[in-house]
Amino acid sequence: MTAPLDVLVVGAGPTGLALATQLRSYATPFRIVDRSLDRARESRAPAIQPRTLEMLAPFGVTDDLVDRGNTTVALHLHLPPRVLRVPVFDVGCDDTPYPYLLFLPQSETEAVLSAHLAARDVTVERGTELLTAEPEGDLVSCRLRHRDGTEETVRARYVVGCDGAHSTVRTRAGIAFEGYAYPQTFLLADLEADGLERGAAHTYMTAAGLLFFFPLGTPATWRMIAMHPPGTPVGEVTLDLLQRIADDWTPDKPALRDPVWMTSFRIHNRGATHYRRGLFFLAGDAAHIHSPAGGQGMNTGIQDALNLGWKLAHVCRGAAPEELLETYEVERAPVGHGVRRLTDRAFTVGTSSNPALRLARTRLAPHMAPLLLRATAARARLFRTVSELGIHYRRGPATATGPRRPRQGPRAGDRLPDTPSGLQRRVAGPGYHLLLTGPGDAWPEDPLPGGRRDLVSVHRIGTQSPWPGITHALVRPDGYVGYLARGTDLTGLRAYLDHWLPAPWTRGPAPVRRGISRGR
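All of these numbers come straight from a predicted model, not from anything done at the bench. (Residues numbered from 1 in each chain as written. Predicted model: local features only at pLDDT ≥ 70, side-chain atom pairs only at ≥ 80, totals over all residues. Heavy atoms only, no water.)

What follows covers the overall build of the chain. If you tally the helices and strands in the chain, you get 12 helices and 23 strands. For the chain, the proportion of its 520 residues judged to be buried stands at 57%. When the accessible surface of the chain is totalled, it reaches about 21200 Å², and 52% of it is carbon and sulfur. (Helix = DSSP H or I, 4+ residues; strand = E, 2+ residues; numbered from the N terminus. Buried < 20%, exposed > 50% of the residue type's maximum accessible area, 1.4 Å probe, protein only. Areas by Shrake-Rupley, 256 points an atom, 1.4 Å probe, with all protein chains shown as cover.)

Quick look at the structure:
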């Protein structure tokens, strides 16, 4: 029998591919399997948020994603009798190198991540299904069936379910998936739509519900999403049905043609009761599913993966205690709950047949929306939420503040902003990063305890810093501030490292350090 793996990743969608990308950067022994014979060819999730672009940048894939996508999309909100041209991410975005919503089909996102892994000798094992997974002592014994029908038993220290809403890993782990399905049926198509203004996403708010056209580029120019018309039987999705909706619900009456993909679907709002049970972990749709409102689903899943991957790598290498893995659910479950709550509210307002909400959509919204758009502070707050730049772990167990907290700047648990511009690029790469601000001669020549040089990089950044004065901050591998204190007393920092990074990198090669992508 072959030697045990450190990690078996089940599911090779964007979440699983992101996890594999991070594990590979640490040279962690793993395999990634997916029962599908091929990656997604449909557009599916069509947008990537700024925070996701930031977190993927250290692996060198963000430039490729940006080059393939569209960063200049405007939002046109059709509220008869007017059309509002809504500014997208024009406020509240001065601390990120990616101040835009990147429109890019999921198929392209998967293609970029798959190519990155292939260039680093990682094989995504397509057509391989997880049949069983049973804990046996300190390992999980997993039975795999390959595309040719042969079966194989592999053992892994940890199994991560990135295998979607019908997760086999979640079932094998005995984790419940609680929630509900919305009553509405939705129609989706990737097609051509003549008569729509290019370079914009179009939202139509009607008494019957919502209709969207998103610019894709590939595999078709437009993604159309609409509620199934009330009072009509649910059946096969046809171009004639979609055209009737476009004619009835829009003043533009775009001519629809050449569909590449048409389907109907129901939307669920469900969450796993736990993100971890023993040696099993869940990420992405295996842990939470919800309305696509706000483009949160794929992005939340990728960020789940990039919160978990470095923790698995450090624990598997013996550099961090098992306790570090317990912080995954503590940090990410509240994010998943928050996204489910936010998308549920937006979905209910946009689709409910309640007379009051229908009145709000059709009568009040055309008058209130222009006023709300003038409130830049409110739009900035909305941007921070939708872009996921506002996610923080301030109350997490792996977050600590020294006895003297800086009076300004990001707090412990916040993401490291790109302030000044280029700071995120400077601290790119696997491992922790210690930032020392203020005069260089204020700091000892070697501020770190011994044995951590392969896992902690030291950056003397002077006065060009998110914090005024003399401050030291330890940035975690996922770009969040783990420890923060004002002054040059490093006692608290060393205690933090003794707890969360007590041992050197004990086996295997050191983390692979790579340059960050350029911002735009």
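Spatial ordering of the open sheet is given by S5-S4-S12-S13-S14-S11-S15-S18, a layout of eight strands whose pairing is mixed. A single partner strand is all that each edge strand has here, and the edge strands are strand S5 (82-86) and strand S18 (288-289). Here helix H6 (residues 239-249) sits on the sheet in contact with strand S11 (177-194), strand S12 (200-205), strand S13 (210-215), strand S14 (222-227) and strand S15 (255-272), set at roughly 85 degrees to S15. (Pairing = 2+ DSSP bridges. Contact = heavy atoms within 4.5 Å. Axes fitted to C-alpha atoms, helices over the stretch in contact; angles between N-to-C directions.)

Turning our attention to the side chain of Thr28. Within the secondary structure, Thr28 sits in the loop between helix H1 (14-25) and strand S2 (30-34). What Thr28 contacts, discounting residues up to four positions off in sequence, is Asp6, Val7, Leu23, Ala313 and Arg317.

What follows deals with the side chain of Thr203. By the secondary structure assignment, Thr203 is in strand S12. On the basis of relative accessible area, Thr203 is assigned to the buried category, the value being 10%. Contact partners of Thr203, with chain neighbours within four places excluded, come to Leu75, His76, Leu77, His78, Leu211 and Phe212.

Okay, the pattern of salt bridges next. Counting across every chain of the model gives 22 salt bridges. With a closest N to O distance of 2.6 Å, Arg257 and Asp258 form a salt bridge. Residue Asp258 is classed as partly exposed on the basis of its relative accessible area of 47%. (Salt bridge = Lys/Arg side-chain N within 4 Å of Asp/Glu carboxyl O.)

This paragraph deals with the pairing of strand S1 (residues 5-10). Across the six residues of S1, six count as buried, placing the element largely inside the fold. One ladder, built from five bridges, connects S1 with strand S10 (residues 151-161); its direction is parallel. Paired with Val9 across the strands is Val160, a residue of S10. Strand direction decides the pairing type here: S1 and S2, joined by four bridges, are parallel. Bridged to Val7 within S2 is Phe30. For the crossover that starts at S1, traverses H1 and ends in the parallel S2, the hand is right-handed. (Right-handed = clockwise from strand over helix to strand, strands pointing away.)

A separate point is H1. With 12 residues, H1 ought to run about 16 Å at 1.5 Å a step, and its terminal C-alpha atoms sit 17 Å apart, in line with that. H1 sits mainly inside the fold: 11 of its 12 residues count as buried. Among all positions of H1, only Pro14, Thr15, Gly16, Leu17, Ala18, Leu19, Ala20, Thr21, Gln22, Leu23 and Ser25 are buried. Once H1 ends, the next one or two residues include Ala27, with phi positive near 55 degrees. (Expected span 1.5 Å × (residues − 1).)

All right, on to empty space enclosed by the protein then. Per the counting criterion, the structure on display carries two cavities of 30 Å³ or more. Each pocket or cavity is described by its volume, and for the largest cavity that value is around 260 Å³. Lining the largest cavity are 22 residues, with Glu54, Pro58, Pro477, Asp478 and Gly479 positioned closest to its centre. It is helix H2 (residues 50-56) that provides the largest number of residues to the lining of the largest cavity, a total of three residues. Residue classes in the lining of the largest cavity are distributed as 12 nonpolar, six polar and four charged. (1 Å grid on protein atoms, 1.4 Å probe; cavity = no way out; pocket = protein on both sides within 12 Å on 5 of 7 lines; lining within 4 Å. Points joined across faces, edges and corners; volume = space filled by probe spheres on them. Nonpolar A, V, L, I, M, F, W, Y, C, P; charged D, E, K, R; others polar.)

Next up on the list: the packing of H1 against helix H7 (residues 297-316). The interhelical angle for the contact between H1 and H7, taken along N-to-C directions, is 30 degrees, at an axis separation of 8 Å. When the axis of H1 is compared with that of H7, the two are roughly parallel. Relative to H7, the crossing made by H1 is right-handed. Across from Pro14, Thr15, Ala18, Leu19, Gln22 and Leu23 in H1, the residues of H7 making contact are Met298, Gly301, Ile302, Ala305, Leu306, Leu308, Gly309, Trp310 and Leu312. Among the residues forming the contact of H1 with H7, the class breakdown is 11 nonpolar, four polar and no charged. (Parallel < 35°, antiparallel > 145°, perpendicular 65-115°, else oblique. Left-handed = near helix turned anticlockwise from the far one by under 90°.)

With that settled, consider the sheet that holds strand S19 (residues 400-401). Reading across from one edge, S19-S23-S22-S20-S21 is the order of the five strands in this open sheet, with mixed pairing throughout. The open sheet has two edge strands with one neighbour each: S19 and strand S21 (456-462). With two bridges joining them, S19 and strand S23 (residues 481-486) adopt parallel strand pairing. Across the sheet, the residue bridging to Ala400 is Tyr483, located in S23.

A volume near 560 Å³ is recorded for the second largest pocket. Lining the second largest pocket are 20 residues, and of these Pro334, Val335, Gly338, Gly390 and Ile391 sit closest to its centre. Of all elements in the fold, only helix H8 (323-351) and helix H10 (376-386) reach the threshold of two or more residues within the lining of the second largest pocket. Element by element, the count of residues in the lining of the second largest pocket is highest for H8, at nine residues. When grouped by side-chain class, the residues that make up the lining of the second largest pocket number seven nonpolar, six polar and seven charged.

With that settled, the discussion passes to the nonpolar core. Ranked by internal contacts, the top residues of the largest apolar core, which has 97 residues, are Leu8, Ile32, Leu65, Val159, Leu312, Val456 and Leu474. For this core, the leading source of residues is H7, giving 10 residues. Those residues in contact with Val159, other than ones at most four positions away along the chain, are Leu8, Val10, Val140, Cys142, Val169, Leu279, Phe280 and Phe281. Core analysis: the next-biggest nonpolar cluster, separate from the first, contains 31 residues, Tyr182, Leu211, Leu241 and Trp249 among them. (Core = buried A, V, L, I, M, F, W, Y, C linked by side-chain atoms within 4.5 Å.)

Turning our eyes to something else, we now look at the packing of aromatic side chains. Tallied over the entire structure, the rule returns 13 aromatic pairs. Through pairs of rings, three or more aromatic residues link up here, namely Tyr158, Tyr275, Phe281 and Tyr328. The ring of Phe177 has Arg170 sitting right over it, with the charged end atom 3.7 Å from the ring centre. (Phe/Tyr/Trp six-rings, centres within 6.5 Å; stacked < 30°, edge-to-face > 60°. Lys NZ or Arg CZ within 6 Å of the ring centre and 35° of its normal.)

Before going further, it helps to spend a moment on unusual backbone geometry. The step from Thr419 to Pro420 runs through a cis peptide bond, and the omega angle for that step is 0 degrees. With respect to the helices, strands and loops of the structure, Pro420 is situated in the loop between S19 and helix H11 (423-426). Although it is not a glycine, Asp258 adopts a positive phi angle of roughly 50 degrees. Mapped onto the elements, Asp258 comes out in strand S15. For Glu388, which is not glycine, the phi torsion reads 70 degrees and is therefore positive. Inspection of the secondary structure puts Glu388 in the loop between H10 and S19.

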